[in-house]
Amino acid sequence: MRTVVIDNEPEIVALLLELIGQHLPQLQVVGTANGVAEAAMLIAKEKPGLVFLDVEMDDGTGFDLLQRLPQRDFQVIFVTAHSKYAIQAIKMNALDYLLKPVSVSDLTEAVEKVLSKMKSSAPQPTVQHLIDFLSASNQSRKIVLRSAESIHIVNVADIVWCAAEGSYTSFRVVGEPDLLISGHLKEYERLLEDYKFYRPHNSYLLNLQHVKRFDKADGGKIVMSDDSVLPVSTRKKEQLIQLITSIH
């Protein structure tokens, strides 16, 4: 697969080239770039199938690059050091990323996932989902949820609650059947923490915008907009009441 490496840190470029050369013979690196402008010209010229893309560069971000390209018919593995928002955006769109410093195991795993996606007949997340996410307002943010059979693009505002189901998470979404999605509830708690979600109980994460009322009887229960009733732990009760009072 024709591959390009885009990063403004020469040592990261050198490391990726070394690791790819030693461990990934299925990749052919056809060029490198250290910024958005140079990368745009490189991609137009070489037409790669895979791009390792730095998130934060001197003349912009990897997101800026993707938004300015007229065609994005390649796979992307993002490379980032620290940006919380970048990682959140990438994960909410079910795309692949590597954290710096890059390890052999993480690199090979990410590439294997990309190659596996390309061979699969099932629908896959695309860079366009990420572009749509970055262009949307907070009120219309979307999250890509990948189940065994399908990819679901869901408005964050339509998620009523999420429930732990072992190593999976069940999503209750307005107007949809419940979705069983791979991943622990804690992972989705981190992804949705900036969107007025709260975890009142070990097994549940709820959208505060969908809270209908809080019943104090029997230790406290939360009634949601779909009339489902969720438990609340004793130690979370006062904080939940404060959040509900401040948001409604």
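Numbering of residues starts from 1 in each chain and follows the order in which that chain's sequence is written. This being a predicted model, a pLDDT of at least 70 is required before a residue's local features are given, and a value of 80 or more before pairs of side-chain atoms are given or counted; all residues contribute to the totals for chains, interfaces and linings. Only hydrogens and water are set aside; all other atoms, that is, all heavy atoms of the structure, feed into the side-chain values.

Peer 1: Where do I start with the pattern of salt bridges in this structure?
Peer 2: Whenever Lys or Arg places a side-chain nitrogen within 4 Å of a carboxyl oxygen from Asp or Glu, that contact is recorded as a salt bridge. Counted according to the given criterion, the structure contains twelve salt bridges. A salt bridge links R199 to E189; the nearest nitrogen and oxygen atoms lie 3.0 Å apart. With R199 in strand β13 (residues 197-201) and E189 in helix α7 (residues 185-191), this pair connects stretches of sequence that are ten residues apart. For R199, a relative accessible area of 13% gives the class buried. Each residue is placed in one exposure class: buried if its accessible area under a 1.4 Å probe, protein chains only, is under 20% of its type's maximum, exposed if it is over 50%, and partly exposed if it falls in between. A residue is classified by how much of its surface remains accessible, and E189, at 24% relative accessible area, is partly exposed. Numbering of helices and strands starts at the N terminus; helices are DSSP runs of H or I of at least 4 residues and strands are runs of E of at least 2.

Peer 1: Any chance you could explain the packing of aromatic side chains here in plain terms?
Peer 2: Geometry of an aromatic ring pair is reported as the spacing of the ring centres plus the angle between the planes. The pairing test for Phe, Tyr and Trp rings, Trp by its six-membered ring, is centres within 6.5 Å, and the orientation test on the planes gives stacked under 30 degrees, edge-to-face over 60, and tilted for anything in between. Scanning the entire structure with this criterion turns up three aromatic pairs. Taking the centre distance of 5.7 Å and the plane angle of 65° together, the rings of F63 and F78 count as edge-to-face. One end of the pair, F63, is in helix α3 (residues 62-68); the other, F78, is in strand β6 (residues 75-80), with 15 residues separating them in the sequence. Taking the relative accessible area as the measure of exposure, F78 reaches 0% and is therefore buried. Considering the side-chain rings of F171 and Y188, the 5.1 Å spacing of their centres and the 90° angle between planes classify their relative orientation as edge-to-face.

Peer 1: Even after reading the chapter, I still don't get the packing of helix α1 (residues 10-23) against helix α5 (residues 104-119), so can you show me in this structure?
Peer 2: Two numbers describe a pair of packed helices, the interaxial angle and the distance between the axes. Lines fitted to C-alpha atoms define the axes, with helix axes restricted to the stretch in contact, and inter-axis angles between N-to-C directions lie between 0 and 180 degrees. Two elements in contact, α1 and α5, have axes separated by 11 Å at closest approach and are oriented at 70°. Considered as vectors, α1 and α5 are oriented roughly perpendicular to each other. Relative to α5, α1 is oriented so that their crossing is right-handed. Contacts from L16, L19, I20 and H23 in α1 reach V104, L107 and T108 in α5. Grouping the constituent residues of the contact of α1 with α5 by class yields five nonpolar, two polar and no charged. Oblique is the label for any angle not under 35 degrees, not over 145, and not in the 65 to 115 range, which are roughly parallel, roughly antiparallel and roughly perpendicular in turn. Each crossing is labelled by how the near helix is turned from the far one, with a counterclockwise turn of less than a right angle marking it left-handed and a clockwise turn marking it right-handed. Should any heavy atoms of two residues lie within 4.5 Å, those residues are considered in contact. Here the nonpolar group is Ala, Val, Leu, Ile, Met, Phe, Trp, Tyr, Cys and Pro; Asp, Glu, Lys and Arg are the charged ones; every other residue, Gly included, is treated as polar.

Peer 1: Got a minute to help me understand the pairing of strand β14 (residues 204-207) in this structure?
Peer 2: Consecutive side chains of a regular strand alternate in pointing toward one face of the sheet and then the other. Of the strand pairs in this sheet, strand β10 (residues 159-165) and β14 are connected by three bridges, and their pairing is antiparallel. Bridge pairing links W161 to L206 in β14. One ladder, built from three bridges, connects β13 with β14; its direction is antiparallel. If you follow F197 over to β14, its bridge partner there is N207. At least two bridges found by DSSP between two strands is the condition for calling them paired. Connecting the antiparallel pair β13 and β14 is a turn made up of two residues.

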